[in-house]
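This is what each chain is made of:
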There are 2 protein chains.
Amino acid sequence: MNPRNSGRAAADLDWLEGGITAVPGILAGGVAAGIKPSGKKDLALIYSSAPARVAAAFTSNQVKGAPVLVSMEHARGGLAQAIVASSGCSNVCTGERGIRDAREMTKLVGELLRIPATHVLVASTGVIGVPLPMDKIRAALPRLVKSLSPQGGRVAAEAILTTDTRPKEAALRLEVSGRPVTIGGIAKGVGMIEPHLATMFCFVATDAGVGRGALGAVVRRAVDRSFNRATVDGDQSTSDTVAVLANGLAENTPLEAGGRGLRQLAAGLEALMTKLARMLVADGEGATKLVSITVRGAASRRDALLAARSVANSPLVKTAIYGQDPNWGRIMMALGKSAARVDQEKVSIAFNDEPVAVRGMLKEGVRLERVREIMGGQEYDIAIDLGLGRGEDRVWTCDLSEEYVRINGKYTT
Amino acid sequence: MNPRNSGRAAADLDWLEGGITAVPGILAGGVAAGIKPSGKKDLALIYSSAPARVAAAFTSNQVKGAPVLVSMEHARGGLAQAIVASSGCSNVCTGERGIRDAREMTKLVGELLRIPATHVLVASTGVIGVPLPMDKIRAALPRLVKSLSPQGGRVAAEAILTTDTRPKEAALRLEVSGRPVTIGGIAKGVGMIEPHLATMFCFVATDAGVGRGALGAVVRRAVDRSFNRATVDGDQSTSDTVAVLANGLAENTPLEAGGRGLRQLAAGLEALMTKLARMLVADGEGATKLVSITVRGAASRRDALLAARSVANSPLVKTAIYGQDPNWGRIMMALGKSAARVDQEKVSIAFNDEPVAVRGMLKEGVRLERVREIMGGQEYDIAIDLGLGRGEDRVWTCDLSEEYVRINGKYTT
């Protein structure tokens, strides 16, 4: 991991084995309900033994799935105790029936767990435009609740996958206001079932106690610095959901806005989400590389992000990354087409620490063999200096391979 | 061709064989100068026997090649008589030397043709960041000028190609203010040599006489309605150049702004450029399909274009087109992520005339077999109605295939 990413918190972070169930009071489980034709696990449940503060972030796509709409409503209440997630059918573009089905899932889970339906969040990923097979889900929910266990994080991480090639989980411990606090989470990345829609989920829990209203800003900021800096194909799902539960079992004095403890928790959340976001990009559809696009010297931070995103989403840059081709001209092109201010005569480009272009031209004595070697690795940085100001930002991207096209084009419904 | 595209002018347009040399007074030629390692033709020349009004449009990328900068300066003078174009090296990101080389090409061509260097436009496509092999170009220019012929349009169309699979030319005749006028052009699309940068050229000539200052607005509008509505991968070259020469040999009273004759010429230019733009998309890198994305019912025309572009550039939509998968959910996703106003419950989607989604949901009784049949063809329309207003626009796109990735990723320098 780039030491710059987690520097603020690195000194007092302990990475743990496991994921969301590393957090005290968190149980999880997963079962195969028969939503996925493959028969793989497709229904996951996360449960906190104590009611938790909740803050969540949802897709900004104007087309939103029914589970997103229902979870937005429930999250607004500020408390949650369970998250039920299905994979194989996204329950998007399903009209009134979709909303009814999503509500029913929260109601049934609430009844089984003896908690209010409004304390249950719901998320679904997979085929779009097709109603959920509610008969199968109704039949499976009692089994799902029975599957809950303090070791169930991994199973839940598996049950939310679609075309992901591996489950994604992470957990860490840090000191918050002098007390040990655990944060754990699971995530899934872009993928689809049959194939339909890329969707990103991240469910996180912590035993930290957080005051009413203090969690939202921290979660928004951590999401903005992690998942909002990750791109696989520039497309944006209708189902993206990040939810953080803080159940207070660490028995710390509830953290409040402006306090040092909340800043510590924020650093931990950002480190955890950054780790999960990078896992997600590295496992992007067809991806073989994880590349950080770092832009410095931009006229503003906003310009730095615009420039980094333009490079990170350019199909020509992404195919060059795949081909391990030190094609800095495509990076120049992608910078020039961005909405950021760019002066081609001031641009420098390096791969890791190896300079390739200086003042918009090929560096004299450039060591292209060394650059090709860097590009042969699985992870590296493309460092761009626009030479205009002090704006700085970073985006993670992956390469564009034939496999991406095969996954999304060839395996038709 | 979609009858809507050319309806205004279709009644009085005659499509001709050939391309730019179908226009009276236009000669063209091409030779192999040795810029391309393959030994294929790589230097093209277009010459008008009479000085012509010129209007040109160039890439809006902030990073511009040296030939673009020199041609912008020359086109500002309003008159031109020749266009020299090279393929195999784009002369982009080459600093002062690049500017000197581009200027020298116009100077040498001017001397050989006995016209001012400022009446020569220059365009280059290919490798970026590498200087032009000027020794080879200097040696080839006399041969290039000797190759000029009234049948040379095809050869010139070949000499500007990079990864294009076929030359692109078109010509038509129409009545302008009661006189027959010819318009002809050649174009090249996205492609690269080794591979580096996608570049689009279109060179057009007409024998119409156009008053000073009247051509610019007409060309800008035609470019906006044709090439600016075409996309292959959403990337934008540093070298894109469209130039139109009007040499007046039709001996009409010079066309002036606001007159019916100029509107007629404008319709002809738009029809010709539309035809070339569609040829360019159909021959996009790795493309197997040409698909029109038509958006109606948008809150504004600008919204219609934003929505159409978002669909046309979505990798998930483009891979579904490739896979012939009637995956309307991805179209909903791309609409929702666009900056256009979208209300998912008002969106309808059809493939040609076959409806798939109504009010944001799968149409009852949808005939997916019929949709798959339409998607099996080489050309079709995706017709989207946002149900919000009267804004309407259209973009042409192609599919994203493994071949695109191979062309741009695997054939490294």
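The shown structure was predicted, so the numbers you read here are calculated from the model rather than taken from an experiment. (Residues numbered from 1 in each chain as written. Chains lettered and ligands numbered in written order. Predicted model: local features only at pLDDT ≥ 70, side-chain atom pairs only at ≥ 80, totals over all residues.)

Regarding its fold elements, chain A presents twelve helices and 15 strands. Relative to the globule expectation of 22 Å for 413 residues, the C-alpha radius of gyration of chain A, 22 Å, shows essentially globular dimensions. Taken along the three principal axes of its C-alpha coordinates, chain A extends 70 × 55 × 35 Å. Counting only residues that meet the buried cut, chain A has 65% of its 413 residues in that class. Across chain A, the fraction of contacts at a sequence separation of at least 24, relative to all contacts at a separation of at least 6, is 80%. (Helix = DSSP H or I, 4+ residues; strand = E, 2+ residues; numbered from the N terminus. Rg over C-alpha atoms; globule rule 2.2 N^0.38 Å. Buried ≥ 20, exposed ≤ 12 C-beta atoms within 10 Å, placed from the backbone. Contact = placed C-beta atoms within 7 Å.)

Counting from both sides, the interface comprises 51 residues of chain A and, opposite them, 51 residues of chain B. Elements that contribute at least two residues to the side of chain A that touches chain B include exactly α9 (315–323), α10 (328–337), β13 (361–362) and α12 (402–410) of chain A. Looking at which element gives the most residues to the side of chain A that touches chain B, the answer is α10 of chain A, with eight residues. Taken together, the residues of the side of chain A that touches chain B break down into 19 nonpolar, 24 polar and eight charged. (Nonpolar A, V, L, I, M, F, W, Y, C, P; charged D, E, K, R; others polar.)

What follows deals with the pairing of strand β9 (residues 241–246) of chain A. Residue and element names in this part refer to chain A. In terms of residue burial, β9 counts as a mostly covered element, since six of its six residues are buried. Neither face of β9 is open: one carries Thr241, Ala243 and Leu245, the other Val242, Val244 and Ala246, and all of them are buried. Of the pairings in the sheet, the one linking strand β8 (residues 201–206) to β9 comprises six bridges and is parallel in character. Among the inter-strand pairings, threonine 206 is bridged to a residue of β9, identified as alanine 246. (Pairing = 2+ DSSP bridges.)

Moving on: the sheet that holds strand β10 (residues 290–298) of chain B. Residue and element names in this part refer to chain B. Spatially, the six strands line up as an open sheet ordered β13-β12-β11-β14-β10-β15, and their pairing is mixed. Looking at which strands have only one partner, the edges of the open sheet turn out to be β13 (361–362) and β15 (391–398). Pairing between β10 and β15: seven bridges, direction antiparallel. Bridge pairing in β15 places threonine 294 opposite arginine 394. Across the sheet, helix α7 (residues 260–282) is in contact with β10 and β15; its angle to β15 comes to roughly 45 degrees. (Axes fitted to C-alpha atoms, helices over the stretch in contact; angles between N-to-C directions.)

Turning our attention to the domain arrangement of chain A. All names here are of chain A. For chain A, the assigned domains are domain 1 (3–282) and domain 2 (290–410). Each of domain 1 and domain 2 has a C-alpha centre, and these two points are 32 Å apart. Between domain 1 and domain 2, the contact holds eleven residues from the first and eleven residues from the second. Its residues assigned to classes, the side of domain 1 that touches domain 2 comprises six nonpolar, three polar and two charged. (Domains from an automatic or database assignment.)

All names here are of chain B. By the secondary structure assignment, alanine 312 is in helix α8 (residues 301–313). Judged by C-beta crowding, with 27 C-beta atoms within 10 Å, alanine 312 ranks as buried. In this structure alanine 312 touches Thr231, Ile293, Val395 and Thr397, once residues within four positions along its chain are discounted.

Once that is clear, we can look at helix α3 (residues 95–113) of chain A. Residue and element names in this part refer to chain A. Between its first and last C-alpha atoms α3 spans 28 Å; for 19 residues at 1.5 Å apiece the expected length is 27 Å, and the two agree. Regarding α3, the residues found buried are Gly98, Asp101, Ala102, Met105, Thr106, Leu108 and Val109. With its buried residues spanning 160 degrees around the axis, α3 presents them on a single face. Contacts from the buried residues of α3 go to α2 (66–76), β4 (79–89), β5 (120–127) and α4 (134–146). The first or second residue beyond α3 is arginine 114, which carries a positive phi of 60 degrees. (Expected span 1.5 Å × (residues − 1). Arc of directions from axis to C-beta.)

Residue and element names in this part refer to chain B. Phi at glutamine 324 takes a positive value of approximately 55 degrees, unusual for a residue other than glycine. The backbone of asparagine 352 shows a phi angle near 50 degrees, a positive value even though the residue is not glycine. For asparagine 352, the position within the fold is in the loop between β11 (348–351) and β12 (354–358). The partly exposed category is assigned to asparagine 352, around which 17 C-beta atoms lie within 10 Å.

Residue and element names in this part refer to chain A. Where α3 meets α4, the closest approach of the two axes is 10 Å, and the angle between their N-to-C directions is 25 degrees. In terms of their interaxial angle, α3 and α4 are classed as roughly parallel. Pair α3 / α4 crosses with right-handed handedness. Note on element contacts: α4 touches α3 through Met134, Ile137, Arg138, Leu141, Pro142 and Val145, opposite Asp101, Glu104, Met105, Leu108, Val109, Leu112 and Leu113. (Parallel < 35°, antiparallel > 145°, perpendicular 65-115°, else oblique. Left-handed = near helix turned anticlockwise from the far one by under 90°.)

Let us look at the relation of the copies chain A and chain B. Of the transformation placing chain A onto chain B, the axial shift is 0.0 Å and the rotation is 180 degrees, giving an RMSD of 0.0 Å. The superposition of one copy onto the other is thereby described by a two-fold rotation axis. It is glutamate 402 of chain A whose C-alpha, among those of chain A, lies nearest the rotation axis, at 2.3 Å. (Least-squares fit on C-alpha atoms with pLDDT ≥ 70 in both.)

Time to look at the pairing of strand β6 (residues 168–176) of chain B. Residues and elements named next belong to chain B. Burial runs high along β6: seven of the nine residues are buried. As judged from the four bridges shared by strand β1 (residues 13–16) and β6, these two strands associate in the antiparallel manner. Looking across to β6, one finds that aspartate 14 is bridged to arginine 173. Count of turn residues in the β6/strand β7 (residues 179–188) antiparallel hairpin: two residues, of which serine 177 carries a positive phi of about 50 degrees.

As a further point, take the sheet that holds strand β14 (residues 379–385) of chain A. All names here are of chain A. Pairing in this open sheet of six strands is mixed, and the strands run β13-β12-β11-β14-β10-β15 from one edge to the other. A single partner strand is all that each edge strand has here, and the edge strands are β13 and β15 (391–398). Pairing of strand β11 (residues 348–351) with β14 involves four bridges; the strand directions are antiparallel. Bridge pairing in β14 places isoleucine 349 opposite isoleucine 384.

On to the nonpolar core, then. Generally speaking, soluble globular proteins have nonpolar side chains that are buried together. Ala307 of chain A together with Leu45 and Ala307 of chain B are the most contacted members of the largest nonpolar core, which totals 304 residues. Excluding residues that lie within four positions of it along the chain, alanine 307 of chain B makes contacts with Val295, Ala298, Leu335, Ser338, Ala340, Val342, Ile384 and Leu386 of chain B. (Core = buried A, V, L, I, M, F, W, Y, C linked by C-beta atoms within 7 Å.)

Turning to the confidence of the model for chain A, a few remarks are in order. Close inspection of predicted coordinates is inappropriate in any region flagged by low pLDDT. All names here are of chain A. With 93% of its residues at a pLDDT of at least 70, chain A reaches an overall mean of 90. Per-element confidence in chain A is highest for α4, whose mean pLDDT is 98, and lowest for helix α1 (residues 3–10), whose mean pLDDT is 41. Long-range and interchain partners of residues 1–10, a stretch whose pLDDT sits below 50, account for eleven contacts in this model, where long-range means more than four residues apart. (pLDDT = per-residue confidence, 0-100.)

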